[in-house]
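Structure at a glance
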Amino acid sequence: MPIYTKFGDKGKTALHTGKTVSKGSIRVEAYGNLDELNSFLGIVLSQIKDKKIKKELLEIQNDLFEIGACLAGPGEKGHEILAQNLAERVVDFEKQIDALTVKLPKLKNFILPSGKTGSLLHYARTIARRAERRTVALAEKEAVLSEILVYLNRLSDLLFTFARYINYTEKQKETIWINR
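Calculation rules
- Within each chain, residues carry numbers counting from 1 in the order of the written sequence.
- Totals for whole chains, interfaces and linings use all residues, but because this is a predicted model, local features are given only for residues with pLDDT of at least 70 and pairs of side-chain atoms are given and counted only at 80 or more.
- Calculation of side-chain values draws on the structure's entire complement of heavy atoms; hydrogens and water are dropped beforehand.
- Each helix corresponds to a stretch of at least 4 residues labelled H or I by DSSP, and each strand to a stretch of at least 2 residues labelled E; elements are numbered beginning at the N terminus.
- When checking whether two residues touch, look at their non-hydrogen atoms; a contact exists if any pair is within 4.5 Å.
- In this description, accessible areas are obtained by the Shrake-Rupley approach with a 1.4 Å probe, and a residue is regarded as covered only by the protein chains that are shown.
- Expected helix span is given by 1.5 Å per residue-to-residue step, counting one fewer step than there are residues.
- Note that patches include only residues with greater than 30% relative accessible area and no salt bridge, and the join distances are 9 Å for like charges and 5 Å for nonpolar side chains (Val, Leu, Ile, Met, Phe, Trp, Tyr).
- The working definition used for a salt bridge is a side-chain nitrogen of Lys or Arg within 4 Å of a carboxyl oxygen of Asp or Glu.
- Among buried residues, those of type Ala, Val, Leu, Ile, Met, Phe, Trp, Tyr and Cys that are joined through side-chain atoms within 4.5 Å constitute a nonpolar core.
- Partly exposed residues are those whose accessible area sits between 20% and 50% of the maximum for their type, while under 20% is buried and over 50% is exposed, using a 1.4 Å probe and protein chains only.

Description of the overall build of the chain
What the chain contains, in helices and strands, is five helices and four strands. Along its sequence from the N terminus, the chain presents helices and strands in the succession β-β-α-α-α-β-α-α-β. With the C-alpha coordinates aligned to their principal axes, the bounding extent of the chain is approximately 50 × 35 × 35 Å. Summarising the internal contacts of the chain: among those between residues at least 6 apart in sequence, 74% fall at separations of at least 24. Within the structure as shown, the chain displays about 10900 Å² of accessible surface, and the carbon and sulfur contribution to it stands at 55%.

Printed below as a string of structure tokens:
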């Protein structure tokens, strides 16, 4: 399979269904943001030492690929399995967030991204938030699995918690935001 097809040279792309759409469409923007997040998580993974978090981030990368495929193939069969899997993953995310939060100092202020790996996780969180916003915009116009929206929302919470936890374990002090 060649890497280049020249099909997209005029700003168009094909969804899994075969339908041709603009590369500037909300749908392409939504799954493009997921792709960017997935790629950035690859960078984060190159810096993570914690084996449990590393394993979870790899699992998230697979989730994001499946979500992107779902968004690129509207109306295709099999999305019910993805919906169930994402609902289960959200429950798992919440358990992880709760388990890590009890190990961390209580959050009393807004914090600024800090620490080498912590900042990378915070940046991944902002990409996740953008992907969520673009997917919400798509959902306002077309059918999108509600489980995808919940997953992306909780994912950003998990990445925030991972950033705090990594900084805590790496003895990186949190930078408190000071209102000027």
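Additional details are given in the paragraphs that follow.
Side note on helix α5 (residues 146-169)
Each α-helix winds once per 3.6 residues, and so residues spaced three or four apart point in a common direction. Here α5 contains 24 residues, and its C-alpha end-to-end distance of 35 Å stays within 8% of the 34 Å for a straight helix at 1.5 Å per residue. K171 sits one or two positions beyond α5 and adopts a positive phi of about 60°.

Let's talk about a nonpolar patch on the surface
Taken together, the side chains of F110, L112 and W177 make up a nonpolar region of the molecular surface, amounting to roughly 340 Å² of accessible area. With respect to the secondary-structure elements, L112 resides in strand β3 (residues 111-112).

Let's talk about the nonpolar core
Of all hydrophobic cores here, the largest spans 45 residues; its most connected members are L57 and Y151. Apart from the residues lying within four places of it in its own chain, the contact partners of Y151 are I60, D63, L64, I67, L86, R89, V90 and F93.

Some points on the pattern of salt bridges
Within the structure shown, the criterion is met by nine salt bridges. The salt bridge partner of R89 is E56, with a shortest N-O separation of 2.6 Å. Of this pair, R89 sits in helix α3 (residues 79-101) while E56 sits in helix α2 (residues 51-72), placing them 33 residues apart in sequence. Neither R89 nor E56 differs from the other in exposure class; each is buried. The salt bridge involving R129 is made with E132; its shortest N-O contact spans 3.1 Å. Of this pair, R129 and E132 both sit in helix α4 (residues 116-139), three residues apart, which is roughly one turn of the helix. With relative accessibility at 15%, the residue E132 sits in the buried group. Put simply, E56, D63, R89 and D92 are held in one network by salt bridges that share partners.

Re the side chain of N38
Position of N38 among the secondary structure elements: in helix α1 (residues 26-45). Exposure remark for N38: the relative accessible area of 12% places this residue in the buried category. Once residues within four sequence positions are removed from consideration, N38 is found in contact with Q61, L64 and F65.

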